[in-house]
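These are the residues of each chain, in order.
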Amino acid sequence: MATKTDQRFPKFDTGIHQAAGEETILKFWAEKNIFERTTSERPEAESFVFYEGPPTTNGRPGVHHVLSRTVKDLVCRFWTMQGYRVNRKGGWDTHGLPVEIEVEKQLGISGKPEIEKYGVAEFNARCRSSVFKYREEWNKITERIGFWLDLENPYITLENDYIETVWYLLKRFWDKGLVYAGFKVLPYCPRCGTALSDHEVSQGYKEVTEPSIYAKFKVKGQEDTFILAWTTTPWTLPGNVALAVGDDIDYVKVKQENEFYYLAKARVEILEGEYEVVETVKGRDLVGIEYEPLLAGLDIAALTGQKAYFVAAADFVTTEDGTGVVHTAVMYGADDYALGETLG
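Quantities reported herein were computed from a predicted structural model and do not represent experimental measurements. Starting from 1, residues in each chain are numbered consecutively following that chain's sequence as written. In keeping with the model being predicted, local features are shown solely for residues with a pLDDT of at least 70 and side-chain atom pairs are shown and tallied solely at 80 or more, while totals for entire chains, interfaces and linings include all residues. Hydrogen atoms and water are omitted, and side-chain values are computed over all heavy atoms in the structure.

## Examining the nonpolar core
Thought 1: Nonpolar cores were defined as sets of buried Ala, Val, Leu, Ile, Met, Phe, Trp, Tyr and Cys residues, with membership established by side-chain atoms within 4.5 Å. Exposure is judged per residue with a 1.4 Å probe applied to protein chains only, and the accessible area is read against the type maximum: over 50% gives exposed, under 20% gives buried, and values in between give partly exposed. Phe 217, Ile 227, Leu 243, Tyr 251, Leu 286 and Val 325 are the most contacted members of the largest nonpolar core, which has 27 residues in total.
Thought 2: Numbering of helices and strands runs from the N terminus, with a helix taken as a DSSP run of H or I at least four residues long and a strand as a DSSP run of E at least two residues long. Taken together, the elements giving at least two residues each to this core come down to strand 6 (213-218), strand 7 (225-231), strand 8 (242-245) and strand 10 (259-264).
Thought 3: Judged by nonpolar contacts, the second largest core, of 12 residues, contains Trp 92, Val 103, Ile 109 and Val 131.

## Description of empty space enclosed by the protein
Thought 1: Residues are said to line a cavity or pocket when one of their atoms sits within 4 Å of a point; the points come from a 1 Å grid over protein atoms alone, cavities being sets where a 1.4 Å probe fits but cannot get out and pockets being open sets with protein on both sides within 12 Å along at least five of seven lines. Grid points are joined across faces, edges and corners, and a volume is the space filled by probe spheres set on the points. Taken as a whole, this structure holds one cavity of 30 Å³ or more when the rule is applied.
Thought 2: The computed volume of the largest cavity comes to approximately 40 Å³.
Thought 3: If you go around the largest cavity, the residues you meet are Leu 237, Pro 238, Asn 240, Pro 293, Leu 294, Leu 295, Leu 298 and Tyr 309.
Thought 4: Across the lining of the largest cavity, the residue classes break down as seven nonpolar, one polar and no charged. Residues are grouped as follows: nonpolar covers Ala, Val, Leu, Ile, Met, Phe, Trp, Tyr, Cys and Pro; charged covers Asp, Glu, Lys and Arg; every other residue, Gly included, is treated as polar.

## Observations regarding the UniProt feature "domain: Aminoacyl-tRNA synthetase class Ia" (unreviewed entry) in the protein chain
Thought 1: Sequence positions flagged by UniProt for "domain: Aminoacyl-tRNA synthetase class Ia" (unreviewed entry) are, in local numbering, residues 25-217.
Thought 2: Note that residues 25-217 is 48% helix and 15% strand, and that its end C-alpha atoms are spaced 69 Å apart. UniProt positions are given in the numbering used here, feature names are shortened, and annotations may be inferred rather than shown by experiment.

## A few points about the side chain of Thr 142
Thought 1: Tracing the sequence through the fold places Thr 142 in helix 7 (residues 135-144).
Thought 2: Residue class for Thr 142 comes out buried when judged on its relative accessible area of 2%.
Thought 3: Polar contact is the term for a pair of N or O atoms within 3.5 Å; when the atoms are in protein, one must be able to donate a hydrogen and the other to accept it, and sequence-neighboring residues count only if both atoms are side-chain atoms. A polar atom in the side chain of Thr 142 sits 2.4 Å from the side chain of Arg 69.
Thought 4: A polar side-chain atom of Thr 142 sits 2.6 Å from the main-chain carbonyl oxygen of Trp 138.
Thought 5: Once residues within four sequence positions are removed from consideration, Thr 142 is found in contact with Arg 69, Phe 147, Leu 149 and Leu 151. Contacts are assigned to residue pairs with any non-hydrogen atoms lying within 4.5 Å of each other.

## Re the sheet that holds strand 1 (residues 47-51)
Thought 1: A pair of strands is considered paired only if DSSP assigns at least 2 bridges between the two. Reading across the sheet, the three strands line up as 1-2-3 and stay open at both edges, with parallel pairing between neighbours. Only two strands of the sheet have a single neighbouring strand rather than two, namely strand 1 and strand 3 (150-156). Ignoring strand direction, the axes of neighbouring strands in this sheet form an average angle of 35°.
Thought 2: Alignment of strand 1 against strand 2 (residues 85-92), held across five bridges, turns out to be parallel. Across the sheet, residue Phe 48 finds its bridge partner in strand 2, namely Val 86.
Thought 3: Only C-alpha atoms enter the line fits that serve as axes; for helices the fit covers just the stretch in contact. Angles between N-to-C directions range over 0 to 180 degrees. Taken strand by strand, helix 7 contacts strand 2 and strand 3, and its axis lies near 130° from that of strand 3.

Structure representation (structure tokens):
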């Protein structure tokens, strides 16, 4: 049976080269203003608003950007096909270390002291002029991959309109009592003199070999008895305030020569030589056990007046490595700090 062709749309030859076919479709979209018409021709439709998570334009786009933007475009097209008026607002991120580091390379300087010597105002001006270095490349790849986005009216984080809006919203949060002062453990860069986001840290990610140690924590009230903990950050041991175990993990008390050790049953393989299991308990049975400060003369509990040196339960404890007991120093790790907040 013959089918009627909708004359509003061109018939594309599926046999042509894929790239050429894509370019033909892109040309058709541009000539017919298809993207603009998805919003202009349905002014009364319910809105689905999309704000592009803004890229930093002083760096070139990569394959990972194509992947993420394909997913974003898929979601927006779905809601468009559902009859919504989908406003897709583009944006440019003009802040952050990537911009500053790029300018430092251009100037041949490194670190906060050299930036201050160069002049903060002058350095900021160089950052502002540098930030849109690859904007045209971003526009081209946006168009080429068929990612529909309003690039004519983007939000730009360095413009006063954007900055004032952020302060306005922050004030609204403050008025509603949703803003509070607190502490958070963050990576810190001594070269930059600033805290870092996880994303910024991952940009310099490397797999390295670090020393790790097993530490013995003397249990109070039990002669020659210790809790074994493993750490890859031995420099944090002076800040130890607690030991974390898993509620439902099986732990054993073993005797080896003249000493007793607590550790996870699944990790007894770390012990060298002969030993005897004298008791098996759940992690929850160890909670509350107190132990002595690891370093003589450094008693954080006595110095701060706060409770320390006891076993607590935590959901981040595993038996994949170490001893199944996690050394906890609240000022050095996000999980450690969160546990400290929970324990008060």
